[in-house]
Amino acid sequence: MSKRVLVTGGAGFLGSHLCERLVARGDEVLCVDNYFTGRRANVAHLFDQPNFELMRHDVTFPLYVEVDEIYNLACPASPIHYQHDPVQTTKTSVHGAINMLGLAKRTGARMFQASTSEIYGDPYQHPQTEDYWGNVNPIGRRSCYDEGKRCAETLCFDYHRQHGLRIKVARIFNTYGPRMHPHDGRVVSNFIVQALKGEPITIYGDGSQTRSFAYVDDLIEGFLRMMTSPDDVTGPINLGNPGEFTIRQLAELVVELTGSASPLVHRPLPENDPAQRRPDITRARLLLDWEPAVALRDGLARTIAYFDRLLGAEPPAPAA
């Protein structure tokens, strides 16, 4: 039976892939985005589908629609974008969650909250389990995103306990794939764009810090399985790839796959940049029967092909 599904941030990187999957399975999809980081082009191929609708809207303002499910993905997720207007970033996480939870309360909808591995901060525990409370600087440059998402989780569980809302909270680890914004400043898109342009590849710090990279198709499958899980599976649940790579290893693999001659250059490490990041996905395996299937090399090859096409058709980025 098809459902009426609202996807906030639906024209963004993750949201567009989610909308695609929901439309393909026959749901009526309302995609909402204010286009701060999302792009109409990401969902343009869905415009002729009768069960897809696109609306320009900012989730910091209430939305009055009738839906069965809500995927709340709205929030800039890269440091360049969320630090551009940190107050608005916090508002998007907090006011956005309040507005979507209020909508879920009124309609009886089930709500999926896209949280983040950033709630763990620069972790003392490795790998990170969902029981770990994190090591987060509440007043740093990244705090607008980290603490905003932590507050959104608090709101979800308070609405669940106080009003009986059916919630699903997923903590998303580094994800990559086609439709990433080419200028979002994230490490995978940075390295690929620099390699394809033959520019020096910028590594912050000595490159020994580690990350875990999940391909977008794997992550969206995790979203769908979590939303359809029993009501007592509220989360939080880590969704990410437990394979761990240093930033330098990632840079070297991108150079190899692109055939680039780009040199590696080092820059100072940004404030509060985590030294390690790797999910423990035991809970996802047990409760969702989910784990990533796409290896980093294969996913990077698909992502490189996307950026190669995009850069061939895109005008140069404006100077900072």
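So, here's what we can say about the structure.

1. Points about the overall build of the protein chain
Thought 1: Counting secondary structure elements, the protein chain contains nine helices and 13 strands.
Thought 2: Scaling as 2.2 N^0.38, a compact globule of 320 residues should have a C-alpha radius of gyration of about 20 Å, and the protein chain matches this with 19 Å.
Thought 3: Structurally, the protein chain occupies a C-alpha span of about 55 × 45 × 40 Å along its principal axes.
Thought 4: For the protein chain, buried positions account for 54% of its 320 residues.
Thought 5: Residue pairs in contact within the protein chain that sit at least 24 positions apart in sequence constitute 81% of those at least 6 positions apart.
Thought 6: Total accessible area on the protein chain stands at roughly 14,000 Å², and carbon and sulfur atoms take up 52% of it.
Thought 7: Counting 33 positive and 38 negative side-chain charges, the protein chain places the centres of these two groups 2 Å from one another.

2. Some details on the pattern of salt bridges
Thought 1: Under the definition given, this model contains 19 salt bridges.
Thought 2: Put simply, Glu221 and Arg21 hold a salt bridge, and the shortest N to O gap is 2.8 Å. With Glu221 in helix H6 (residues 216-227) and Arg21 in helix H1 (residues 13-24), this pair connects stretches of sequence that are 200 residues apart.
Thought 3: A relative accessible area of 23% places Glu221 in the partly exposed class.
Thought 4: Through salt bridges with shared partners, one network takes in Arg21, Glu221 and Arg225.

3. Considering the packing of aromatic side chains
Thought 1: Inspection of every chain in the model, using the stated rule, returns seven aromatic pairs.
Thought 2: Between Tyr176 and Tyr215, the ring centres sit 5.5 Å apart and the planes meet at 65°, which makes this aromatic pair edge-to-face. On the criterion of sequence distance, the pair formed by Tyr176 in strand E7 (residues 175-176) and Tyr215 in strand E10 (residues 214-215) is long-range, its members being 39 residues apart. For the residue pair Tyr176 and Tyr215, the accessibility class agrees, reading buried in each case.
Thought 3: On the basis of an interplanar angle of 70° and a centroid distance of 5.3 Å, the ring pair of Tyr306 and Phe307 is categorised as edge-to-face.

What counts, and at which threshold
- Each chain carries its own residue numbering, running from 1 in the direction its sequence is written.
- Confidence filtering applies because this is a predicted model: local features only for residues at pLDDT of at least 70, side-chain atom pairs given and counted only at 80 or more, and all residues used for totals across whole chains, interfaces and linings.
- Hydrogens and water are ignored here; the side-chain numbers use all heavy atoms of the structure.
- Helix and strand definitions follow DSSP, with helices as H or I runs of at least four residues and strands as E runs of at least two, each counted in order from the N terminus.
- Radius of gyration here uses only the C-alpha atoms, and the compact-globule reference equals 2.2 Å multiplied by the residue count raised to the power 0.38.
- Relative accessible area decides the class of each residue, using a 1.4 Å probe on protein chains only: under 20% of the type maximum gives buried, over 50% gives exposed, and in between gives partly exposed.
- Two residues form a contact once any of their heavy atoms are found within 4.5 Å.
- To measure how exposed things are, a 1.4 Å probe is used in the Shrake-Rupley method; for residues, cover is taken only from the protein chains shown.
- Within this scheme the basic residues Lys and Arg register as positive and the acidic residues Asp and Glu register as negative, but His and the chain ends are omitted.
- We put the charge of a Lys on NZ, of an Arg on CZ, of an Asp on CG and of a Glu on CD.
- Take a side-chain nitrogen of Lys or Arg and a carboxyl oxygen of Asp or Glu: if they are within 4 Å of each other, that pair is a salt bridge.
- Any Phe, Tyr or Trp ring, taking Trp's six-membered ring, that has another such ring centre within 6.5 Å forms a pair; planes under 30 degrees apart are called stacked, those over 60 apart edge-to-face, and the others tilted.

All we've got here are geometric facts, nothing functional implied.
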